[in-house]
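# Structure assessment
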Amino acid sequence: MSDTRQFSLLGKRRFLPFFGTQFLGAFNDNVYKNCLMLMVVFAGASVLPASADTMVNLAAGLFILPFFLFSGTAGQIADKYEKSEIIRKIKLVEIAIMAVAAFAILTQSFTAMLVLLFLMGTQSAFFGPVKYALLPQALKDEELVGGNALVEMGTFVAILAGTIGAGFLIEFPDANQWIAGSVIVFSILGYLCSRGIPKMPSTAPDLKLDWNPVTQTLRTLRYAKADKATFQSILAISWFWALGAAYLTQLPNFASDVLSGGPQVVTLMLAVFTIGIALGSLICERLSGNIIEIGIVPLGSLGLSIFAIDLFFAITPVTAPLMSAGEFLSHPSNIRVLFDLAMIGFSGGIFIVPLYALIQQRAKPEQRAQIIAANNVLNSLFMVGSAAAGIVMLGVLDLSIPTFFLTLAVVNLAVVAYVYSQVPEFVLRFVIWMLSHTMYRVTHKHLENIPQEGAAVLVCNHVSYVDALLIGGAVKRPVRFVMDKTIYSFPVLNRFFKLSKTIPICPEHKDPETFHQAFEKISEELRAGHLVCIFPEGKLSKDGRLGEFKKGIEKILENDPVPVVPMALKGLWGSVFSHKDGQALTTRPRRFWSKVECIAEPPVPAQNSNASLLEKKVSDMLAY
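Source: prediction; values computed, not measured.

The next subject is the packing of aromatic side chains. Enumeration according to the criterion identifies 19 aromatic pairs in this entry. Between the aromatic rings of F404 and F405, the centroid separation amounts to 6.3 Å while the plane-to-plane angle is 35°, which identifies the pairing as tilted. Note on F404: relative accessible area 1%, which makes it buried. According to the relative accessible area criterion, F405 is buried, its value standing at 0%. Taken together, the ring pairs in this structure connect Y247, F254, F273, F404 and F405 into an aromatic cluster.

See below:
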């Protein structure tokens, strides 16, 4: 799906009404929340039930609290019932809440407005799981990244528009009437959009609802932890939200206290940061090549730290009267500050979109909304932790805001290093993505022949040291590769191979123990339902031609009679990683941007498979 086709989703009924509903909901939330904050700040102390600072912090907490309390229940409901009807009911509830909120605004009942903010957070908590669980049902696999990108872009643009809109509304004559009317109008528009969402069938109609928020929240967290990659993705997304909350919370003080920027500068910084996230989200579809490519996630995570570190060095503190946006832009160093903020946001968009898509793809359909609910719970928990960290670092430890931002950049490197050490698939895919965007142009043919679930053995010709990387990048499922023990034991790479669950092997006459352990491990992985890839030639080709297939494949199938998928790699002979004209990695590269094909044949049943038959199938693929 090209960029044009990505935006073409906005013209499709299966996506546009949902997108409009989501956009208007996020916009209305932020109009109401920010108008309430501004009214509290500018209200006289006599009309407030507590101090302005207490009210602001209470408001922030009341909006987040429902995500802890009700996300688990919301996930159950989204899995059990038809999704478009759930969304319409949520939007009707929003209209009712906003109608009461409008009355509270007109009467300046701040206590009532806080209660209603809690109710707005509640309806948002119920909307979150159904929102992301709906996308895999509404979109094709190749549209999932593009659809998530549009949703993230729309969400952050709506947040920005709602924040700026609240600032405009509060300055209108008769502001209370304008605010009250706006929140009702936009809630009605959101409901009208929801009327166009097509039906999305229940994925778990027999699910029994657990109305205990504590036990259900714990259950959703267990579901999320069942798949390591999914849970680490949730933690990574939550970390991003913690980072984003930290930056956005400090922007007003950063602009005014450090850079002497006035309200216009705060708005400008918020706009630049948010637009950066939106653009980063949109570029994901192009970078990922129409698939869920988690290989670009490390690219985003590195950007979050690199540009935050540069931001620290770009800052030139100013002591002067507060500047307008025009005056602020007249200082060259401030352009660099804005660029770094934009690129932090841009990197964040690249970071989170593939992770959302991965969660949606990996989750079992009957548990998808509940796992997304677990994501919402952890997102909220991390944002609360972010606020607490800001209080400690800026208040107790008395760090400056620039030093706080630098600390976030360094901590981010540690966090993402932990995530990637736990799920090496991210690093593997990153290496593959870099290879395929520097040295190789890889095309895939008939990879749909590889089973989407269940055990199977992949057999392929062996031309270069990057064969496994390119196969791992082409196949959507994780693959366990069988590798020569000599390469497996390389000091630096050994840690990565272990984390990737690579299986070392060597000839039986050299090391009988390793030989037999390899076949035991292969059997263990196949019985667990995984894909195992072997190179039956047993060594790299010396002349570019296919070598004789060893009998190891037959030994594997005797123990575990699973389907065998013949594969072929074409175009790698002559690369620096092959043995052409000398030992691999000892010759100068002859060319870059090589065209490589990765081809798969239909699975061959175990009872029909043998080394000579599989060798012929791979040979035939290489001949065409």
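Having seen the model, we can carry on.
This part is about the pairing of strand β3 (residues 479-484). Across the six residues of β3, five count as buried, placing the element largely inside the fold. With three bridges connecting them, β3 and strand β5 (residues 531-534) associate as parallel partners. Its bridge partner being in β5, V479 is matched across the sheet by L531. By the bridge criterion, three bridges tie β3 to strand β4 (residues 503-505) in an arrangement that is parallel. Opposite D484, over in β4, you have I505 as the bridge partner.

Attention now moves to the side chain of S347. Take S347: it is sitting in helix α13 (residues 332-362). Residue classification places S347 among the buried positions, given a relative accessible area of 4%. A polar contact of 2.8 Å, which involves the side chain of S347, links it to the backbone oxygen of M343. Beyond its immediate sequence surroundings of up to four residues, S347 is in contact with G300, G303, L304 and F307.

Looking at the protein as a whole, the pLDDT averages 87, with 94% of positions reaching at least 70. Per-element averaging of pLDDT across the protein places helix α1 (residues 3-8) at the bottom with 68 and strand β2 (residues 456-460) at the top with 96.

So, on to the environment of Y420. In this fold, Y420 is placed in helix α15 (residues 401-422). Remark: the alpha-carbon pair of Y420 and A236, spanning 184 residues in sequence, is separated by 9.9 Å. Ignoring any residue separated from it by four or fewer positions in sequence, one finds Y420 in contact with V297, P298, S301, F351, F426 and V427. Within polar-contact distance, the side chain of Y420 engages the side chain of S301 at 2.8 Å.

At a minimum axis distance of 8 Å, the contact between helix α9 (residues 228-258) and helix α14 (residues 368-396) shows a crossing angle of 40°. Judged by the angle between their axes, α9 and α14 are oblique. Both α9 and α14 take part in a crossing whose hand is right-handed. Residue-level inspection shows T230, F231, I234, L235, I237, S238, W239, W241, A242, A245, A246 and Q250 of α9 in contact with α14, the latter providing I371, N375, L378, N379, F382, M383, S386 and L394. A breakdown of the residues in the contact of α9 with α14 according to their chemical character gives 14 nonpolar, six polar and no charged.

Another point: the nonpolar core. F15, F18, F254, M269, V337, F351 and F426 are the most contacted members of the largest nonpolar core, which totals 97 residues. Ranked by the residues each element gives to this core, the list is headed by α9, at 16 residues. In this view, M269 contacts L251, F254, A255, L259, F328, V337, L338 and L341; residues no more than four positions away in its chain are not counted. Judged by nonpolar contacts, the second largest core, of 35 residues, contains Y440, L447, M483 and F497.

Time to look at the packing of helix α4 (residues 83-107) against helix α5 (residues 110-138). Viewed as axis vectors pointing N to C, α4 and α5 meet at an angle of 160°, and their least axial separation amounts to 10 Å. Relative to α5, the element α4 is oriented roughly antiparallel. Remark: the crossing between α4 and α5 carries left-handed chirality. The residues of α5 that touch α4, namely those facing K83, I87, I90, E94, I97, M98, V100, A101, A104 and I105, are A112, M113, L116, L119, M120, Q123, F126, F127, V130, A133, L134 and Q137. Per-class residue counts for the contact of α4 with α5 are 18 nonpolar, two polar and two charged.

Pairing is mixed across the open sheet formed by seven strands, whose spatial order is β1-β7-β6-β2-β5-β3-β4. Every other strand in the sheet has two partners, leaving β1 (440-445) and β4 as the edge strands with one partner each. Taken over all neighbouring pairs, the strand axes of this sheet differ in orientation by 25° on average, direction set aside. Note: strand β6 (residues 564-570) against strand β7 (residues 594-600), four bridges, orientation antiparallel. Opposite L569, over in β7, you have C598 as the bridge partner.

This paragraph deals with the pattern of salt bridges. For the coordinates displayed, the defined rule picks out 16 salt bridges. Note that R336 is salt-bridged to D310, the shortest N-O span being 2.6 Å. One end of the pair, R336, is in helix α13; the other, D310, is in helix α11 (residues 297-314), with 26 residues separating them in the sequence. In this structure, the salt-bridge partner of E597 is K445, at a minimum N-O distance of 2.9 Å. Of the two residues, E597 is situated in strand β7 and K445 in strand β1; the sequence distance between them amounts to 152 residues.

In this section: unusual backbone geometry. At D174, a residue that is not glycine, the phi angle is positive and equals roughly 55°. Its identity is not glycine, yet S260 carries a phi of approximately 55°, on the positive side. Tracing the sequence through the fold places S260 in the loop between α9 and α10 (263-288). Assessed through its relative accessible area of 3%, S260 is described here as buried.

Rules used throughout
Residues numbered from 1 in each chain as written. Predicted model: local features only at pLDDT ≥ 70, side-chain atom pairs only at ≥ 80, totals over all residues. Heavy atoms only, no water. Phe/Tyr/Trp six-rings, centres within 6.5 Å; stacked < 30°, edge-to-face > 60°. Buried < 20%, exposed > 50% of the residue type's maximum accessible area, 1.4 Å probe, protein only. Helix = DSSP H or I, 4+ residues; strand = E, 2+ residues; numbered from the N terminus. Pairing = 2+ DSSP bridges. Polar contact = N/O pair within 3.5 Å; in protein donor to acceptor, adjacent residues only side chain to side chain. Contact = heavy atoms within 4.5 Å. pLDDT = per-residue confidence, 0-100. Axes fitted to C-alpha atoms, helices over the stretch in contact; angles between N-to-C directions. Parallel < 35°, antiparallel > 145°, perpendicular 65-115°, else oblique. Left-handed = near helix turned anticlockwise from the far one by under 90°. Nonpolar A, V, L, I, M, F, W, Y, C, P; charged D, E, K, R; others polar. Core = buried A, V, L, I, M, F, W, Y, C linked by side-chain atoms within 4.5 Å. Salt bridge = Lys/Arg side-chain N within 4 Å of Asp/Glu carboxyl O.

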